[in-house]
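Here are the chains, one letter per residue:
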Amino acid sequence: MLVEMKNRFFMKKHNFSAGPCILPQEVLKKASEAVVELDNSGLSLIEISHRSKPFVDIMEKARALALELLGLEGKGYKALFLQGGASMQFIMVAHNLLEKRAGYLNTGTWSDKAIKEAKIYDDIYEVASSKDANFNYIPKAYDIPSDYDYFHCTSNNTIFGTQMKSFPKCDIPLVCDMSSDIFSRVLDFSQFDIIYAGAQKNMGPAGTTLVVVKEDILGKVSRQIPSMMDYKVHISKSSMFNTPPVFAVYTSMLTLKWLKNLGGIAAIEEENEKKARLLYSELDLNPLFKGYAAKDDRSTMNATFTLQQDYKETFETMLKEGGINGLNGHRSVGGYRASMYNALPFESVATLVEIMSELERKA
Ligand SMILES: *Cc1c(COP(=O)(O)O)cnc(C)c1O
């Protein structure tokens, strides 16, 4: 039967949750300690001024680590830790960049929402969409008009389990929602002009959103921008225009440090590929299961799949006994979704795969 897996992080359960989701055990431990007392200061992280030196240092460290890990230091980019979630970026991107028309790639629920928000500002052109097949693939051939203000895409579709493996070359600013795969794989991040990501998928707790913006694309729209919505204001105030979400920023900083110590994005990418290979090969070999996403577009972060109806009850009992958490699929796809973010140990995927093959043996 199931092998009892001891893993590095003393995890009680195997957490496949799609978001908020698993964080490294050592990050959780350090973050929880800081809530009581930050670095032997006699004060809690959440009761000191955000203008005090300890917190200003934390914010600066978080911003620097983000740029360093992405390989964007000294290339004209600024990193900001803002509030309002990735959903707020759907609005801020349009507010700061949209003058006449923008192009959007529609690859799922989150792109769809970004399009809906941007339409409030102006005419949005959907350059391509995979809605015709309930977003189970990534459209490949499409043109991006060079006179548009920007092009927006979603690198990883958390709900449908598809992931863009390459990005279009375009002369206009390229904006990418990387909420669910930032820091998970090596990319040339300098091809993007704005990258944004809600922290709660691969970086930290909910409450902050990382925005990496190339400064020279800003200041080109004619509309007035309220301060809280203005990237330039946030840049000029070093991401401290108002009180930042101190706990979320601190915990994100710890995760970025953890990632750097592991060897950065290249090292974690190798782990992520190992996990994804193991799960997808089981999905392809096991006749009871069926992968949802088109093979070429499969996400290394979120694997979506269905199971033959007759086996559901048994499978779910086995999952429970195996300590597997968070495997239910999103309501718009059904079935199951295994989210394998950076902090999920290989052993968790091995445990899940063992349950899947055990189910086949029983069937
Ligand atoms: C979760 C998610 C969002 C929404 O993030 P919030 O921080 O809840 O607003 C947006 N885009 C993608 C790709 C996501 O996975």
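None of the values given here were measured: they were computed from a predicted structure. (Residues numbered from 1 in each chain as written. Predicted model: local features only at pLDDT ≥ 70, side-chain atom pairs only at ≥ 80, totals over all residues. Heavy atoms only, no water.)

**Quick notes on the overall build of the protein chain**
Helix and strand content of the protein chain: nine helices and 14 strands. Overall size of the protein chain, expressed as C-alpha extent along the three principal axes, is 65 × 55 × 30 Å. Looking at the protein chain residue by residue over its 363 residues, the buried ones come to 54%. Sequence separation of at least 24 residues holds for 67% of the intrachain contacts in the protein chain that already meet a minimum separation of 6. As displayed, the protein chain has an accessible area near 15,900 Å², and 50% of this comes from carbon and sulfur atoms. Each charge class in the protein chain was averaged separately, 42 positive and 44 negative side chains, and the resulting centres sit 2 Å apart. (Helix = DSSP H or I, 4+ residues; strand = E, 2+ residues; numbered from the N terminus. Buried < 20%, exposed > 50% of the residue type's maximum accessible area, 1.4 Å probe, protein only. Contact = heavy atoms within 4.5 Å. Areas by Shrake-Rupley, 256 points an atom, 1.4 Å probe, with all protein chains shown as cover. Lys, Arg positive; Asp, Glu negative; His and termini not counted. Charge placed at Lys NZ, Arg CZ, Asp CG, Glu CD.)

**Observations regarding the nonpolar core**
Counting 83 residues, the largest nonpolar core has F183, F315, L327 and L352 as its most contacted members. Residue assignment places this core across two domains, with domain 1 (28-262) and domain 2 (265-362) each supplying three or more. Counting 26 residues, the second-largest nonpolar core is a separate cluster that includes L80, Y150, L218 and I235. (Core = buried A, V, L, I, M, F, W, Y, C linked by side-chain atoms within 4.5 Å. Domains from an automatic or database assignment.)

**What to know about the sheet that holds strand 11 (residues 289-291)**
Think of a sheet as strands paired side by side through backbone hydrogen bonds, with each pair either parallel or antiparallel. Read from one edge to the other, the open sheet built from three strands follows the order 11-12-14, with strand pairing classed as antiparallel. Looking at the sheet topology across the chains shown, the edges are occupied by strand 11 and strand 14 (336-339). Direction aside, neighbouring strands of the sheet carry axes that sit 35° apart on average. In terms of strand pairing, strand 11 meets strand 12 (residues 302-307) through three bridges, oriented antiparallel. Opposite G291, over in strand 12, you have F305 as the bridge partner. Helix 7 (residues 264-285) rests against strand 11, strand 12 and strand 14 of the sheet, and its axis sits at about 20° to strand 12. Along the sheet, helix 8 (residues 312-321) contacts strand 11, strand 12 and strand 14; its crossing angle with strand 14, the most-contacted strand, is approximately 25°. (Pairing = 2+ DSSP bridges. Axes fitted to C-alpha atoms, helices over the stretch in contact; angles between N-to-C directions.)

**Brief notes about the packing of aromatic side chains**
Counting across every chain of the model gives ten aromatic pairs. Between F90 and Y196, the ring centres sit 6.3 Å apart and the planes meet at 70°, which makes this aromatic pair edge-to-face. Of this pair, F90 sits in helix 3 (residues 85-97) while Y196 sits in strand 9 (residues 194-198), and the two are 106 residues apart along the sequence. Here F90 and Y196 have matching classes, each one buried. (Phe/Tyr/Trp six-rings, centres within 6.5 Å; stacked < 30°, edge-to-face > 60°.)

**Remarks on the confidence of the model for the protein chain**
Counting all residues, the mean pLDDT for the protein chain is 95, and 97% of those residues have values of 70 or more. Between residues 1-9, whose pLDDT stays under 50, and residues either more than four places distant or in other chains, the model counts 19 contacts. (pLDDT = per-residue confidence, 0-100.)

**Some points on the sheet that holds strand 3 (residues 101-106)**
Pairing within the open sheet is mixed, and its seven strands lie in the order 2-10-9-8-5-3-4. At either margin of the open sheet sits one strand with a lone partner, and together these are strand 2 (77-82) and strand 4 (123-129). Pairs of neighbouring strands in the sheet enclose a mean axial angle of 20°, with direction left out of account. Relative to strand 4, strand 3 runs parallel, the two being bridged by six bridges. Considered in strand 4, the bridge of R101 is made with D123.

**Brief notes about the site of the ligand**
Around the ligand, a shell composed of 13 residues is seen, among which S87, T158, D177, Q200 and K201 lie nearest. Interatomic distance of 2.6 Å between a side-chain N/O atom of D177 and a nitrogen atom of the ligand. Protein coverage of the free-state accessible area of the ligand, which is 390 Å², stands at 88%. Examining the composition of the shell around the ligand, we find that four residues originate from one element, helix 3, more than from any other. The residue inventory of the shell around the ligand, partitioned by class, reads three nonpolar, eight polar and two charged. (Near = heavy atom within 4 Å. Polar contact = N/O pair within 3.5 Å; in protein donor to acceptor, adjacent residues only side chain to side chain. Nonpolar A, V, L, I, M, F, W, Y, C, P; charged D, E, K, R; others polar.)

**A look at the pairing of strand 2**
Taken across its six residues, strand 2 has five buried, putting it largely inside the fold. By the bridge criterion, six bridges tie strand 2 to strand 10 (residues 209-214) in an arrangement that is antiparallel. Each bridged residue has a counterpart across the sheet, and for L80 the counterpart in strand 10 is V211.

**Some points on the environment of I217**
Here I217 is to be found in the loop between strand 10 and helix 5 (231-236). With relative accessibility at 8%, the residue I217 sits in the buried group. Sequence separation between I217 and G323 is 106 residues; the distance between their C-alpha atoms is 48 Å.

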